[in-house]
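Examination of the molecular architecture
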Amino acid sequence: MHPTILSLLNDHTMKFSNPLSLDVFELVLFLVEFSPYIIGGLAVLFVLAVGPLESIAGTKQKSYRKKISVALILPALILAIVASVILASWEDAYVRGYEIFKYPSLRAKLENYIETGNDDLHDILESDKYAPTFGLYEARYLMRDLLRHTVFHTNDHNEGNIDEGYNKGNDWFKATLGETMMYTSGLYPEGTETLKEAQDYKIDYVADAIELKPGMSVLDIGCGWTYLANRLTEKHGANVTGITLSKEQLAYGTELNAKNSAKILLQDAMQLKERDDLPEEGYDRITSLEMAEHVGIRRYQEFLTMVHGMMKDDGVFYFQVAGLRRAWRFEDLTWGLFMGEHVFPGADASCPLGWISTQVERAGFEIQRVHNMGSHYSKTLDHWLDNWHANKQYIEGKYGAVAYRRWEVFLAWSVRAARQGSSTLFMLTLTKAGEERRRIESQNHLVPKDVPKAGANRFL
């Protein structure tokens with residue numbers, strides 16, 4: 001493709017659908033993060049739309065028109081953004097050479113596969129025949145569900161999303177995740193590790209990153225099926241408290257940790273400080289692996305501020321989040337909307353690293369180390385996909401063929417997304433800003449090691 005066209009695409013400067021070259025993603029992040037203030041400001045304008053002189057003069061009809069105009073500002077802006085994204089996705093697909101009038105969109109083709117089982121899933125995803133354009137599926141989900149969850153994101157929303165996200169049945173997740181039941185990315189230092197070896201290595205990496213020592217207190221927020229809590233307790237000697245909002249995870253984790261000291265609690269993370277049975281002095285270490293996406297953009301700062309207040313001043317916070325690339329493409333968004341609708345409802349806070357780093361620093365943390373390990377997530381997802389295929393007969397027999405194929409699409413599409421960068425994985429090691437001693441100790445511990453000496457040929 002001509003370099004000028006590539007530059008045009010990479011900069012998202014679509015001339016027809018986006019003549020002002022606005023970054024829609026940045027605009028949406030701003031609107032959601034500051035939605036309470038925006039709505040409050042519009043409410044004030046609405047109240048003030050009728051001045052006292054207008055009322056006295058009897059020009060009520062004109063005043064009502066002003067009120068209606070103010071009330072329609074936000075809905076009109078939302079509709080304009082959605083329309084712009086739809087048009088831009090079609091323009092983008094046309095410029096990239098997709099035959100948009102010959103083949104259905106990527107999402108439409110995948111939905112047909114889910115319902116019928118026709119065609120080959122790998123070919124649908126990897127052939128580049130089907131354009132990731134926005135259409136009816138995406139617009140319907142945006143208007144019906146995503147905006148409500150994103151703008152308001154209440155505690156009731158969190159509880160309501162749990163059944164779809166995590167209470168499908170432990171057998172369902174066993175068929176996906178394997179023996180560890182770890183629903184987060186593993187790490188593959190050699191590239192040949194089994195899924196269990198990759199998950200064990202990841203947990204030991206976490207323990208090293210936070211400089212975990214026997215006897216330390218650890219709070220694991222969003223502990224899942226508690227394999228991390230179990231390994232930190234039994235191998236590393238920590239006193240771990242894990243919290244989950246899933247009753248099925250609670251039952252599984254309680255049984256898994258019946259013979260050790262790990263404590264597993266059923267608790268909404270956003271209401272964690274309301275408990276009176278947690279240590280007043282705070283925790284030595286806090287971990288949260290791929291849970292904060294469920295907090296939501298609007299409440300992200302509230303969550304991080306709470307974590308900051310629950311950690312000792314010399315503590316370390318390991319924060320692992322599924323994120324997005326800043327130089328996004330439309331497949332990133334269509335994949336993300338599919339995920340939000342069918343896999344992780346309410347998990348709207350997968351964001352670029354720049355936004356995440358701003359949030360953690362605003363909450364009073366200092367970043368000591370960050371890794372981008374999206375390709376390792378792709379390997380993990382590929383292992384999960386192999387597990388799913390191996391359990392096809394059982395899952396179809398119990399849950400049905402459509403449910404099996406929908407989850408298969410989630411896994412296969414996510415393998416591609418994490419491989420190419422549509423989705424990625426950020427691993428942050430954080431300390432409290434201003435804690436000089438802790439800062440120095442962490443940086444001395446995290447200093448890059450095993451760097452080849454000058455003049456050495458590392459490829460021999």
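Read on for an overview of the structure. (Residues numbered from 1 in each chain as written. Predicted model: local features only at pLDDT ≥ 70, side-chain atom pairs only at ≥ 80, totals over all residues. Heavy atoms only, no water.)

1. Some thoughts on the pattern of salt bridges
Counted under the stated rule, the structure contains 25 salt bridges. One salt bridge in this structure joins glutamate 111 and arginine 406, with 3.5 Å as the shortest N-O distance. You can see glutamate 111 sitting in helix 7 (residues 106-116) and its partner arginine 406 sitting in helix 20 (residues 401-420), a full 295 residues away along the chain. Across the pair arginine 406 and glutamate 115 runs a salt bridge whose closest N-O atoms are separated by 3.7 Å. Taken as a pair, arginine 406 in helix 20 and glutamate 115 in helix 7 lie far apart in primary sequence, 291 residues in all. Glutamate 115 sits in the partly exposed class, given a relative accessible area of 48%. Connected via shared salt-bridge partners are Arg107, Glu111, Glu115, Glu341 and Arg406. (Salt bridge = Lys/Arg side-chain N within 4 Å of Asp/Glu carboxyl O. Helix = DSSP H or I, 4+ residues; strand = E, 2+ residues; numbered from the N terminus. Buried < 20%, exposed > 50% of the residue type's maximum accessible area, 1.4 Å probe, protein only.)

2. Here's the deal with unusual backbone geometry
Positive phi is not limited to glycine here, since methionine 181 has a value of about 55°. In this structure, methionine 181 sits in the loop between helix 11 (170-177) and helix 12 (195-209). In this structure methionine 181 comes out as buried when scored by relative accessible area, which is 1%. Although it is not a glycine, glutamate 211 adopts a positive phi angle of roughly 55°. One can find glutamate 211 in the loop between helix 12 and strand 1 (217-221).

3. Thoughts on the side chain of threonine 287
Assignment of secondary structure puts threonine 287 in strand 4 (residues 283-289). Exposure remark for threonine 287: the relative accessible area of 0% places this residue in the buried category. At 2.9 Å, the side chain of threonine 287 and the side chain of aspartate 220 are in polar contact. Excluding anything up to four places from it in sequence, threonine 287 contacts Val206, Ile210, Val218, Leu219, Asp220, Ile221, Leu228, Phe317 and Tyr318. (Polar contact = N/O pair within 3.5 Å; in protein donor to acceptor, adjacent residues only side chain to side chain. Contact = heavy atoms within 4.5 Å.)

4. Description of a nonpolar patch on the surface
Residues Trp90, Tyr94 and Phe101 make up a contiguous nonpolar surface patch of about 430 Å² in total accessible area. Take tryptophan 90: it is sitting in helix 6 (residues 73-95). Residue class for tryptophan 90 comes out partly exposed when judged on its relative accessible area of 34%. (Patch = residues over 30% accessible without salt bridge, like charges linked within 9 Å, V, L, I, M, F, W, Y side chains within 5 Å. Areas by Shrake-Rupley, 256 points an atom, 1.4 Å probe, with all protein chains shown as cover.)

5. Some points on the packing of helix 7 against helix 20
Relative orientation of the contacting elements helix 7 and helix 20 amounts to 145°, with a least axis distance of 7 Å. Classified by chirality, the crossing of helix 20 by helix 7 is right-handed. Contacts between helix 7 and helix 20 involve Leu106, Leu110, Glu111, Tyr113, Ile114, Glu115 and Thr116 on the former and, on the latter, Val402, Arg405, Arg406, Glu408, Val409 and Trp413. Grouping the amino acids of the contact of helix 7 with helix 20 by side-chain chemistry returns 7 nonpolar, 1 polar and 5 charged. (Axes fitted to C-alpha atoms, helices over the stretch in contact; angles between N-to-C directions. Left-handed = near helix turned anticlockwise from the far one by under 90°. Nonpolar A, V, L, I, M, F, W, Y, C, P; charged D, E, K, R; others polar.)

6. Quick look at the packing of aromatic side chains
Aromatic ring pairs are reported here in terms of the distance separating the ring centres and the angle at which the planes meet. Counted according to the given criterion, the structure contains 21 aromatic pairs. Between tryptophan 172 and tryptophan 388 the ring centres are 4.9 Å apart and the planes differ by 55°, which places this aromatic pair in the tilted class. Of the two residues, tryptophan 172 sits in helix 11 while tryptophan 388 sits in helix 18 (residues 374-390), which places them 216 residues apart along the sequence. Accessibility classification places tryptophan 172 together with tryptophan 388 in one group, the buried group. Ring geometry for phenylalanine 317 and phenylalanine 365: centres 5.4 Å apart, planes at 45°, overall tilted. (Phe/Tyr/Trp six-rings, centres within 6.5 Å; stacked < 30°, edge-to-face > 60°.)

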